[in-house]
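Structural overview for review
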Amino acid sequence: MIPARHCYFYGSVDKNGGLMIMGQRDVLASSLGYPEVGNNNGLTNADYQVMEIIGVSRWAADYCWDALDLYYIPDIYEEKAYSYSIAEADYSHVQGTPSQRSMFSYRMSNYYPTNQNNNGGDYLWTETDDGRTLLHITYNSGLTQAAMDRSKAITSTWYHQVWDITDPTAAQKIYSAPITIDGAVADDVQLGYGMCFRLYRDVSGDMYLISSFKDSVSVYCITESDGGYVYNKVGDTVDLNDSSNIINISSHRGGSVESNTINLLYSSSGKYMFAQITVDYGGPDPEPYLKGDLNKDDQLSASDLNLLIRIVAGALADSLPEVSDFNSDGVLSSKDVNMLKKALSGQ
C-alpha cells in the first residue's frame, strides 16, 4: 500500500514484464505541518500594501509536491511490491515556529522542497555487458517560495540517478549527481528557462539524453567515466526557430528499430507543432537490443502464453482456462495452439 497520496504516476515495464511506477508525493501542506503554504493567515493589510509596492503576488497551493518515489512490482500476478525513495523531502530551509511562518517576512525567506519527474524528467532501464540491469532516472529538485509564490525558486536543478535493479527486491542506488552539460550544472533558475531531459535507448542498448534548451533540442550519449557519467553531444543542435515552448519529447521504447526516432511537440506562433529528429548511428544497422521473444531462451513459458492470451482476449480472459499442458521443452502443444487461436479470433 502506498503510504501517502501521490500524483503523476508513470508506468514502465522491465525486461521480465514487471511493472515500475514512478510517482510524485502530493500531500496536503497542513497534514505535513506547513499550513501556511495553503492559507493567507498572518498576512496583514500593511503586508498586502507592501506586496503591491514591490510587485510580489500570492500564488498558493494546498498541496506539497515534495518527494519522488519508485514502486516496483516484479510479478503482476503476485501481491508483492517494493518501494524506493528517489528524492526525499528536505524541509531544512524552512525556519520559524508555525505562527512565525505565517508572517510576511518568513513567507519571503522560507523555501520549500519540490521534486518532480513528470514534467521533463524520465526513467528507463538498460542492460550492461556483465548482465546487470540498470535503471536511469532524470528528475528536477528545487526550492520554492511556496508560502508566498510557489513559482519563485532559488534553485531548480536537474539530477541523474542510476539504480541497479538486477534484483528488484533489493534495488540499490549506485549513482546520483546533477546533470552537467558543457561544464555547467543544468539548473532552470540559473539559466533562466525550463529544461527537459528525456531518455531513450537505441537498438544497441546505449542510453541517451534528449534535452531541450529554450527553442532547441540536443542529444547526448550517456557514457560511464571514472565512476560517474558524462554526456557527449551527438550531432548538431536542432533549432525550432520561433518555438516558444517545447511541450513534450518522446521516443520509441523497447529497443525497437525506431528507437532512434525522437518525437517533439512544441508551440510556435500560437500553434501546436510536431516534428521528428532521427539519430544516424552510421554504418550497418545494429541488431535489435530486445528480441521479440519474452524469454532469454527464445521460448515462451506457460505464464508468458497466459499473459498473451489475456491481452488479446480482453474481456474474455476470465472465461479462459489456464494453459496447463506445456511441454517440458517449451514447445507449444496442439491444445495450447488451439487456445491461442481462439483467443486471437475472439471466441
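Let me sum up the structure you'll find in this document. Everything numeric here is computed off the predicted structure, so don't read it as measured data.

1. With respect to the overall build of the chain
Helix and strand content of the chain: 5 helices and 20 strands. Counting over 347 residues, the chain shows a buried share of 43%. Counted over contacts in the chain with a minimum sequence separation of 6, partners at least 24 positions apart contribute 54%. Roughly 18,200 Å² of accessible area belongs to the chain as shown, and the carbon and sulfur atoms make up 50% of that amount.

2. Quick look at the pairing of strand S15 (residues 207-213)
Burial analysis of S15 places 7 of its 7 residues in the buried class, the great majority of the element. In the sheet, strand S14 (residues 196-201) pairs with S15 via 6 bridges, with the strands oriented antiparallel. Bridging from a neighbouring strand, Cys-196 pairs with Ser-212 of S15. In the sheet, S15 pairs with strand S16 (residues 216-225) via 6 bridges, with the strands oriented antiparallel. Note on S16: the bridge partner recorded for Tyr-208 is Cys-221. Between S15 and S16, which pair antiparallel in sequence order, lie 2 residues; one of them, Lys-214, sits at a positive phi of approximately 55°.

3. Some remarks on the nonpolar core
Judged by nonpolar contacts, the single largest core of 19 residues is most densely connected at Ile-179, Ile-181, Phe-197, Leu-209, Ile-222, Tyr-229 and Tyr-231. Counting residues per element, the ones that place at least two in this core are strand S10 (149-164), strand S11 (172-178), S14, S15, S16 and strand S17 (228-239). Looking at this core element by element, the count peaks at 3 residues for S15.

4. Some details on the packing of aromatic side chains
Scanning the entire structure with this criterion turns up 8 aromatic pairs. Through successive ring pairs, a cluster of aromatic residues spans Tyr-34, Tyr-91 and Tyr-112. The ring centre of Trp-59 lies 4.1 Å from the NZ or CZ of Arg-150, which sits over that ring. Across the ring face of Trp-125, the terminal group of Arg-201 is positioned such that the distance to the ring centre comes to 4.6 Å.

5. Regarding the side chain of Asp-69
Along the chain, Asp-69 falls in strand S5 (residues 68-73). Buried and without a salt bridge, Asp-69 has Arg-25 as its closest oppositely charged side chain, separated by 5.9 Å. Among the polar contacts listed, one links the side chain of Asp-69 to the side chain of His-6, at a separation of 2.7 Å. Discounting chain neighbours no more than four positions away, the residues touching Asp-69 are His-6, Ile-21, Met-22, Gly-23, Tyr-84, Ser-85 and Ile-86.

6. A word on the sheet that holds strand S6 (residues 82-87)
One open sheet holds the 4 strands; their spatial order is S1-S2-S5-S6, and the pairing between them is antiparallel. At either end of the open sheet lies a strand with only one pairing partner, and these are strand S1 (6-13) and S6. Sheet twist, expressed as the average angle between the axes of neighbouring strands with direction ignored, equals 20°. Sheet topology places S1 next to strand S2 (residues 19-25); 6 bridges connect them, and they run antiparallel. Each residue of the ladder has a partner; that of Cys-7, found in S2, is Gln-24.

7. As for the sheet that holds S16
Across the sheet, 4 strands lie side by side as S14-S15-S16-S17; this open sheet has antiparallel pairing. Edge positions in the sheet fall to S14 and S17, since each has one partner strand and no second. For this sheet, the mean inter-axis angle between neighbouring strands, taken without regard to orientation, is 30°.

8. Points about the environment of Val-94
Tracing the sequence through the fold places Val-94 in the loop between S6 and helix H2 (104-109). Linking Val-94 and Arg-107, residues 13 residues apart in sequence, is a C-alpha distance of 9.3 Å. Once you skip the residues sitting within four places of it in the chain, Val-94 turns out to touch Tyr-34, Arg-101, Asn-110, Tyr-111 and Tyr-112.

9. A look at the pattern of salt bridges
Under the criterion given, the structure shown has 5 salt bridges. Linking Arg-5 and Asp-26 is a salt bridge whose minimum nitrogen-to-oxygen distance equals 2.9 Å. Residue Arg-5 is located in the segment before S1, and its partner Asp-26 is located in the loop between S2 and strand S3 (27-28); the two are separated by 21 residues in the primary sequence. Given a relative accessible area of 3%, Asp-26 falls into the buried group. The partner of Arg-132 in a salt bridge is Asp-164, and the shortest N-O contact between them spans 3.9 Å. Of this pair, Arg-132 sits in the loop between strand S8 (122-127) and strand S9 (133-145) while Asp-164 is found in strand S10, placing the two residues 32 residues apart along the sequence. Overall, the relative accessible area of 28% leaves Arg-132 in the partly exposed class. In this structure Asp-164 comes out as buried when scored by relative accessible area, which is 14%. A network of salt bridges, in which partner residues are shared, links Asp-130, Arg-132 and Asp-164.

Parameters and conventions
Residues numbered from 1 in each chain as written. Predicted model: local features only at pLDDT ≥ 70, side-chain atom pairs only at ≥ 80, totals over all residues. Heavy atoms only, no water. Helix = DSSP H or I, 4+ residues; strand = E, 2+ residues; numbered from the N terminus. Buried < 20%, exposed > 50% of the residue type's maximum accessible area, 1.4 Å probe, protein only. Contact = heavy atoms within 4.5 Å. Areas by Shrake-Rupley, 256 points an atom, 1.4 Å probe, with all protein chains shown as cover. Pairing = 2+ DSSP bridges. Core = buried A, V, L, I, M, F, W, Y, C linked by side-chain atoms within 4.5 Å. Phe/Tyr/Trp six-rings, centres within 6.5 Å; stacked < 30°, edge-to-face > 60°. Lys NZ or Arg CZ within 6 Å of the ring centre and 35° of its normal. Lys, Arg positive; Asp, Glu negative; His and termini not counted. Salt bridge = Lys/Arg side-chain N within 4 Å of Asp/Glu carboxyl O. Polar contact = N/O pair within 3.5 Å; in protein donor to acceptor, adjacent residues only side chain to side chain. Axes fitted to C-alpha atoms, helices over the stretch in contact; angles between N-to-C directions.

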